[in-house]
Amino acid sequence: ELADIEVEDVADYVGSEPSYAARMRTLGEDDDEAEDRDDSEEISAGAVRQKRAKGDVLRRLTMLVALGVFVFAAYQLIAIFMEYKAGTDEYDSLAEYAHEQQETPDVSAEYIEEDPFNPDFVKATIDWNGLKAENGEVCGWIQFETIETINYPIVQGSAANGTGNSYYLTHTFRGASNSAGSIFVEEQNAPGFADMNTIVYGHNMKNGSMFGLLGKYKDADYYAGNEYFWIYTPEANYRYKIFSCYEPLADSETYTWWSQPCDDYTNYLSRVASYSKYATGVEVQPTDKIVTLSTCTSRGSDYRFVVHAKLIYSESIQN
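Residues numbered from 1 in each chain as written. Predicted model: local features only at pLDDT ≥ 70, side-chain atom pairs only at ≥ 80, totals over all residues. Heavy atoms only, no water.

**A look at the overall build of the chain**
- Within the chain, the secondary structure is distributed over six helices and 11 strands.
- Expressed as a percentage of the 319 residues in the chain, the buried residues total 39%.
- Looking at the chain alone, contacts between residues at least 24 apart form 67% of all its contacts between residues at least 6 apart.
- Carbon and sulfur atoms form 53% of the exposed surface of the chain, whose accessible area is close to 18,400 Å². (Helix = DSSP H or I, 4+ residues; strand = E, 2+ residues; numbered from the N terminus. Buried < 20%, exposed > 50% of the residue type's maximum accessible area, 1.4 Å probe, protein only. Contact = heavy atoms within 4.5 Å. Areas by Shrake-Rupley, 256 points an atom, 1.4 Å probe, with all protein chains shown as cover.)

**Looking at the nonpolar core**
- Counting residues in each nonpolar core, the largest one holds 69 residues, and the members touching the most others are Ile142, Phe144, Tyr217, Phe229 and Leu293.
- When neighbours within four sequence positions are excluded, leucine 293 is seen to be in contact with Ile142, Phe144, Val200, Phe211, Leu214, Phe229, Phe305, Val306 and Val307. (Core = buried A, V, L, I, M, F, W, Y, C linked by side-chain atoms within 4.5 Å.)

**Examining helix 6 (residues 263-274)**
- For helix 6, which comprises 12 residues, the first-to-last C-alpha distance of 17 Å matches the rise-based estimate of 16 Å (1.5 Å per residue) to within 8%.
- Listed as buried for helix 6 are Tyr265, Tyr268, Leu269 and Val272. Looking straight down helix 6, one finds that the buried residues subtend no more than 100° of arc, so they occupy a single side. Exposed residues on helix 6 whose side chains face more than 90 degrees from its buried face are Asp263 and Ser274. (Expected span 1.5 Å × (residues − 1). Arc of directions from axis to C-beta.)

**Here we look at the pairing of strand 9 (residues 236-246)**
- Of all 11 residues in strand 9, 11 are buried; the element is thus mostly enclosed.
- When strand 8 (residues 228-232) meets strand 9, the two strands line up antiparallel, connected through five bridges. Its bridge partner lying in strand 9, tryptophan 230 is registered against arginine 239.
- Here strand 8 hands over to strand 9 after three residues, the two strands then running antiparallel side by side.
- Two strands pair when backbone bridges link them, and strand 9 and strand 11 (residues 304-317) are joined in this way by 10 bridges, in the antiparallel orientation. Following the sheet pairing, alanine 236 is matched in strand 11 by serine 316. (Pairing = 2+ DSSP bridges.)

**Quick word on the packing of aromatic side chains**
- In total, this model carries 22 aromatic pairs according to the counting rule given.
- With 5.9 Å between their ring centres and 75° between their planes, tryptophan 230 and tyrosine 313 make a pair best called edge-to-face. Separated by 83 residues along the polypeptide, tryptophan 230 in strand 8 and tyrosine 313 in strand 11 bring together distant segments of the chain.
- The exposure class assigned to tryptophan 230 is buried, which follows from its relative accessible area of 1%. (Phe/Tyr/Trp six-rings, centres within 6.5 Å; stacked < 30°, edge-to-face > 60°.)

**A look at the environment of arginine 304**
- Here arginine 304 lies in strand 11.
- Distance in space between the C-alpha atoms of arginine 304 and aspartate 251 is 9.4 Å, their sequence separation being 53 residues.
- Residue contacts for arginine 304: discarding those within four places in its chain leaves Tyr246, Glu247, Pro248, Ala250, Tyr255, Ser294, Thr295, Cys296 and Thr297.
- In this structure the side chain of arginine 304 is engaged in a polar contact, spanning 2.8 Å, whose partner is the backbone oxygen of serine 301. (Polar contact = N/O pair within 3.5 Å; in protein donor to acceptor, adjacent residues only side chain to side chain.)

**A word on the pattern of salt bridges**
- Taken as a whole and assessed by the stated rule, the structure comprises 10 salt bridges.
- The closest approach of N and O atoms between lysine 218 and glutamate 247, which form a salt bridge, is 3.4 Å. Within this pair, whereas lysine 218 is found in the loop between strand 7 (197-201) and helix 5 (220-223), its partner glutamate 247 is found in the loop between strand 9 and helix 6, the two being separated by 29 residues in sequence.
- Residue class for glutamate 247 comes out buried when judged on its relative accessible area of 16%.
- The residue lysine 277 makes a salt bridge to glutamate 247 at a minimum N-O spacing of 3.4 Å. Here lysine 277 is found in the loop between helix 6 and strand 10 (290-296), whereas its partner glutamate 247 is found in the loop between strand 9 and helix 6, with 30 residues between them in sequence.
- Judged by its relative accessible area of 41%, lysine 277 falls in the partly exposed class.
- Via salt bridges that share partners, Glu113, Asp288 and Lys310 belong to a single interconnected network. (Salt bridge = Lys/Arg side-chain N within 4 Å of Asp/Glu carboxyl O.)

**Here's the deal with unusual backbone geometry**
- Even without being a glycine, phenylalanine 193 presents a positive backbone phi close to 55°.
- Of note, phenylalanine 193 is situated in the loop between strand 6 (183-185) and strand 7.
- Using a relative accessible area of 7% as the deciding quantity, one classes phenylalanine 193 as buried.
- Of note in this structure, methionine 210 is not a glycine but carries a positive phi near 55°.
- By the element assignment, methionine 210 lies in the loop between strand 7 and helix 5.
- For methionine 210, a relative accessible area of 1% translates into the label buried.

**What to know about the confidence of the model for the chain**
- Within the chain, residue pLDDT values average 85, and 80% of them lie at 70 or more.
- pLDDT under 50 marks residues 1-16. Its contacts with residues more than four places away, or in other chains, come to zero contacts. (pLDDT = per-residue confidence, 0-100.)

**Concerning a nonpolar patch on the surface**
- Nonpolar side chains collect at one region of the surface, where Val57, Leu61 and Leu64 lie side by side and expose about 290 Å² of accessible area between them.
- In this fold, leucine 64 is placed in helix 2 (residues 20-94). (Patch = residues over 30% accessible without salt bridge, like charges linked within 9 Å, V, L, I, M, F, W, Y side chains within 5 Å.)

In structure tokens:
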């Protein structure tokens, strides 16, 4: 009986506790799950590190590209500044050839239109020999009565000499390659401002040099008080009065010239006067000679900004 009880107790014990093999299996399964978790966590950490590494590379590349763009932009700005400065310095040095008139020269005057002179303005005396020694294609000098910065020599090139319009668009008076270019007369115009319409070009420089201030004539308030300018030549001095300001297409009829008055020219004068952004009150006659000052405009590369002015006074210099 005792033996039977012990056997039963042992049987009960054996039946109530997992066997060794079962325990081993369970422990093995627990270890596998732990290893799987460790492997999974290690893979996740690796993926995070890999993603971070990729992000770091991308950020570095972005920073390098941004730095490259900044350096290039800075270089471009410095280059533009240096070019502007070189052009400005050259034209400032040419100012030595234009002096305030100390005495009234012996002239033969012609009043095309009676218009009072500005008492505060003193005409310049130009050293033509000095200028011609610098550039034999100099043909004039332009000076505004009330805009001090528009005060430059004028050249007129020719295709035969390799110094036509395209040359002076990118070369200064002394022949240096520079985006400021020159103030120059249309190469097909007759010399000496003899045509009925002489076209004079100049760049619209952002620093206000050359014809950079012509755009201000878009405003009628600016026009009032700034209507007059002079063009000096070795043979004569001419005073002009602005009568029309507008933005034509670069290939428009605006850029047409005539050697003599004619019906077509009369009609042209009427049209360009009507194109003005505002009424100037200045009338033009069929026999009036005009100068067209032309520059670029912010409206677009197909357009230009022009100022038309009529000759109202001339004086021939007696040599």
